[in-house]
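Take a look at the letters that make up each chain.
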Amino acid sequence: MAGKKRTTKKTTRKAQPWMKTQAEVVRLIIKKEGGKDKCSWKDGIKKLKTYLKKNENIIIGGDFNIIPSAEDVHNPKNYENDALFRLEIRKRLREMINLGFHDAYRYKYPDKEGYTFWDYTSGAWQKNNGMRIDHFLVSNSIINLVKDVKINKFPRGREKPSDHTPIEIELT
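Just so you know, these numbers come straight off a predicted model, no measurement behind them. (Residues numbered from 1 in each chain as written. Predicted model: local features only at pLDDT ≥ 70, side-chain atom pairs only at ≥ 80, totals over all residues. Heavy atoms only, no water.)

*Asks:* Explain the overall build of the chain to me, using residue names and the numbers behind them.
*Replies:* On a plain count of helices and strands, the chain comes out with four helices and seven strands. When the helices and strands of the chain are read in sequence order from the N terminus, they spell out β-β-α-β-α-β-α-α-β-β-β. Counting over 172 residues, the chain shows a buried share of 42%. A separation of at least 24 residues holds for 66% of the contacts in the chain among residues at least 6 apart in sequence. Carbon and sulfur atoms make up 48% of the accessible area of the chain, which amounts to about 10,400 Å² in all. (Helix = DSSP H or I, 4+ residues; strand = E, 2+ residues; numbered from the N terminus. Buried < 20%, exposed > 50% of the residue type's maximum accessible area, 1.4 Å probe, protein only. Contact = heavy atoms within 4.5 Å. Areas by Shrake-Rupley, 256 points an atom, 1.4 Å probe, with all protein chains shown as cover.)

Given below as structure tokens:
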């Protein structure tokens, strides 16, 4: 369709001499309730199943617009009825993980606070009232290749920043 925004992107990396495994990298943006021009959970899971038929080594990265658990938000009580934290949406993420993935950040840091988003209102950045809604999901078959997952807060501290900050994955 003309003018339609792309919401998923697939990149296949050929195995380099240092890289023993070929993996597909998928960028996924899941719409928040009422969002437009973004992929729905149903569509995202359907596309993921298609990718898995071709290659079990997949890394999914992007803005999932979901707070996976209470540890991933500064005040979970305030988000109980928010679209980002509702039980039904967290079940969708669990459905995706159950296809054979790990949340790479929680795999490396089970208890560490790590936010990727701070609202522009009420001094959320200055108070560190953030949430983790940007994620990397890594196939079980290649999770051992994850050397580190970092949340780069530097860009968020700049003048006129995005409300998101980069999450970075390093593979061995």
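*Asks:* Report on the layout of surface pockets, specifying residues and quantitative values.
*Replies:* Approximately 180 Å³ is the volume found for the second largest pocket. Considering the residues around the second largest pocket, the lining is formed by Pro68, Ser69, Asp72, Arg90, Leu93, Arg94, Ile97, Phe101, His102, Asp103, Arg106 and Arg132. In terms of residue count, helix α2 (residues 87–97) provides more of the lining of the second largest pocket than any other element does, four residues in total. For the lining of the second largest pocket, the residue count by class is four nonpolar, two polar and six charged. (1 Å grid on protein atoms, 1.4 Å probe; cavity = no way out; pocket = protein on both sides within 12 Å on 5 of 7 lines; lining within 4 Å. Points joined across faces, edges and corners; volume = space filled by probe spheres on them. Nonpolar A, V, L, I, M, F, W, Y, C, P; charged D, E, K, R; others polar.)

*Asks:* Talk me through the packing of aromatic side chains; I want residue IDs and the actual numbers.
*Replies:* The way to describe two aromatic rings as a pair is by their centre distance and the angle between their planes. For the structure shown, the criterion picks out three aromatic pairs. Pairing Tyr105 with Tyr109 gives two aromatic rings, centres 5.4 Å apart and planes at 45 degrees, and the pair type is tilted. Under the relative-accessibility criterion, Tyr105 is labelled buried at 3%. When its relative accessible area of 22% is taken as the criterion, Tyr109 is described as partly exposed. Aromatic pair Trp118 and Trp125: ring centres 4.7 Å apart, planes at 90 degrees, arrangement edge-to-face. What makes Trp118 buried here is its relative accessible area of 0%. On the basis of relative accessibility, which here comes to 24%, the residue Trp125 falls in the partly exposed class. Pairwise contacts between aromatic rings join Tyr115, Trp118 and Trp125 into one cluster. The side chain of Arg90 reaches across the aromatic face of Phe85, ending 4.2 Å from its centre. (Phe/Tyr/Trp six-rings, centres within 6.5 Å; stacked < 30°, edge-to-face > 60°. Lys NZ or Arg CZ within 6 Å of the ring centre and 35° of its normal.)

*Asks:* Requested: an account of the pattern of salt bridges, with residues and values cited.
*Replies:* On inspection of all chains with the given rule, the structure shows five salt bridges. For Arg106, the salt bridge goes to Asp72, with nearest N and O atoms at 2.6 Å. Taken together, the residues span a long stretch of sequence, with Arg106 in helix α3 (residues 104–108) and Asp72 in the loop between β3 (58–63) and α2 at a distance of 34 residues. Note on Asp72: relative accessible area 1%, which makes it buried. Asp72 is paired through a salt bridge with Arg132; the nearest N and O atoms lie 2.9 Å apart. One end of the pair, Asp72, is in the loop between β3 and α2; the other, Arg132, is in the loop between α4 (124–127) and β5 (134–139), and 60 residues separate them in sequence. The network of salt bridges with common partners includes Asp72, Asp103, Arg106 and Arg132. (Salt bridge = Lys/Arg side-chain N within 4 Å of Asp/Glu carboxyl O.)

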